[in-house]
Amino acid sequence: MKTSVCITLSTGGLLATSALAWALRWQQPPGQISSDEASLVYNSSRPAVAEGFSKIHAVWTSARDCSGDIPGSGEIYYRRWNGSSWDAEKHFTGLDCYPSAYASIGLDSEGYLHIAWQDGREGALEIYYENCNASNCQPDSTHETMLTTSTGTADLVSLAVDTADNVHIVWRDSRPGVEEVFWKYWNGSSWSTDSLLSPDDDAVSEYPSIAADKLGNVHCVWQDWRSGFDEVYYRKWTPSGGWQTETSLTPPDSLESGNPSVAADSLVHVVWGDESDGQVHYRRWNSGWEDEVVISDGAARATNPAIAAASGRVHVTWWDIIQQSTSQIFYTQFSGSSWHAVDTLTGADIYSDMPSVAVAGNVTHVLYEVDMDGNTTGIFHLRGSRFVPADSLESRGAGDREASAGLGPAVGVDWSINAGRDQITIACRAQHLTRASQFARVFDVEGRLVASRRIEPTMRSAEMTFRNRLAAGVYFVVVGDDKATIMKRAVIVR
Ligand SMILES: [Ca+2]
Ligand SMILES: [Ca+2]
Ligand SMILES: [Ca+2]
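Just so we're clear, the structure is a prediction, and the values are computed from it rather than from any experiment.

### Some remarks on the sheet that holds strand β4 (residues 44-52)
With antiparallel pairing, four strands are arranged side by side in an open sheet as β4-β5-β6-β7. Two strands bound the open sheet, and with one partner strand each, they are β4 and β7 (90-91). Where strand β5 (residues 55-62) and strand β6 (residues 75-81) come together, seven bridges link them in antiparallel fashion. Paired with Ser62 across the two strands is Glu75, which belongs to β6.

### So, the pairing of strand β21 (residues 257-264)
Most of β21 sits inside the fold, with eight of its eight residues counted as buried. Of the pairings in the sheet, the one linking β21 to strand β22 (residues 268-274) comprises six bridges and is antiparallel in character. Bridging from a neighbouring strand, Ser257 pairs with Asp274 of β22. Counting the residues in the hairpin turn of β21 and β22 gives three residues.

### Topic: the nonpolar core
Residues Val59, Val270 and Val477 are the most contacted members of the largest nonpolar core, which totals 110 residues. When sequence neighbours within four positions are dropped, the list of residues in contact with Val270 reads Val221, Val232, Tyr234, Leu249, Pro260, Val262, Tyr282 and Arg283.

### Digging into the pairing of strand β18 (residues 231-238)
Across the eight residues that make up β18, a large majority, six, are buried. A loop of six residues connects strand β17 (residues 218-224) with β18, the two strands running antiparallel in sequence, and Gly228 in this loop sits at a positive phi of about 95°. Bridge count between β18 and strand β19 (residues 242-243): two bridges; the pairing is antiparallel. When the sheet's bridge partners are listed, Thr238 is paired in β19 with Gly242.

### Section: the sheet that holds strand β15 (residues 195-196)
Sheet architecture is open: four strands sit in the order β12-β13-β14-β15, paired in antiparallel fashion. What marks the edges here is a single partner per strand, and that holds for β12 (154-161) and β15. For β12 and strand β13 (residues 167-173), the ladder comprises six bridges, and the chain directions are antiparallel. For Val161, the partnering residue across the bridge sits in β13 and is Val167.

Cut-offs used in this document
Every chain is numbered independently, its residues counted from 1 as its sequence is written. Chain letters and ligand numbers both follow the written order, the letters beginning at A and the numbers at 1. A pLDDT threshold of at least 70 governs which residues receive local features in this predicted model, and a stricter bar of 80 or more applies before side-chain atom pairs are shown or counted, although totals over entire chains, interfaces and linings include all residues. Paired strands, as defined in this entry, are two strands with at least two bridges between them according to DSSP. A run of H or I in DSSP becomes a helix once it reaches four residues, and a run of E becomes a strand once it reaches two; helices and strands are each numbered from the N terminus. Neighbour counting defines burial: a residue surrounded by 20 or more other C-beta atoms within 10 Å of its own C-beta is buried, one with 12 or fewer is exposed, and intermediate counts give partly exposed, using backbone-placed C-beta atoms. One nonpolar core equals one set of buried Ala, Val, Leu, Ile, Met, Phe, Trp, Tyr and Cys residues connected by C-beta atoms within 7 Å. Contact between two residues is assigned when their C-beta atoms, built from the backbone, lie within 7 Å.

Shown next, in the form of structure tokens:
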């Protein structure tokens, strides 16, 4: 029985000096969606999610209906989040158990869900495609279309639907002798021929990611080995001009920059994992490519970011291999001007990876893979919604503007919990709290007030004693006065 208490403090949201007068409240525990029966967990992997008509659509690979006689066997499964629960699971591919995997989805303006995946039913992998009306999707394997006839292997497909409802796919294809990125698209009446997007130069170009913006354009990124190390390249497609020449997004610095992912609204957002510091990096196109920024804060190797852009905000999730034996999911959000503090979504006691993200309204949905027991994996779902942890923003009048006048720039809060987990000590650094009405409060992840006490102006620390032990979970410590608050997030692990 574990008795130790581990506290993880993040650099919490600093309400007083930024516009981030909110936090994300993640529903716990996460829901498992890859099987309706908790006792039955099949190998399920690589979830992909997309928003459409305020619903969340999820696909993933599972071997639940396969005996395992065929190596890599798996089929593509689908569920729709209707706003409060997941509709019944359906399978997209016929249950032949030949490998079907790496599904990518997008929705068009009429509510059709488009899906592409790699499939080994013909021997070597090829790209397949199907669509359905997402209001009541009825996958029909007799309507599947084989989109490629590669002389090599066609896989790692990414799909996007542009504003004219053209369906674009990019994928990795070894037909030139070495893997290159190919593209084709459905123009409303037929599929175009397969077309090379990356230079046919004997250097591997792979892991393409594609996204459509609000203006009718399409954006593709991939990793490219031409300098002897992987770097990220980019091309843009316009309806009138087709594909523009490529742009290098990362310097050829002999440090791998790979697994890029792209999202687009009226701007273009690209993330990737970078070996220079083991972090997730981000670049935005806004009338030109802005400098890259580091958006993760992991101590290990952050990789495989997934990205979504919605309502002017950018959402990024990734996994970080903390140690050889465990991996955790992280998330952060960009307001357009500043990045929110990184949220840790999964504990170090489980191995979780392959996150995917989509947003409906104010709710962020993250799906990811969990290693259940070393042999089987399951797909899990977390919802995060924005909320304001300070109990009464209304009393602060104009909120953030008021708040910025309240506390000095060097504010800081430290806190610790005793081994019995029933007493929190909160320390306020420097002389920030000079007003008459000051408080320290602890909220749980649901935003409920757990404890509150008044702090005298002369006090530099406060203790809060709880009647019961605090359960493991996420908490927020808020210190402030009637004008401003400082929030710090903490995760209490078993
Ligand atoms: Ca199959
Ligand atoms: Ca190449
Ligand atoms: Ca690099």
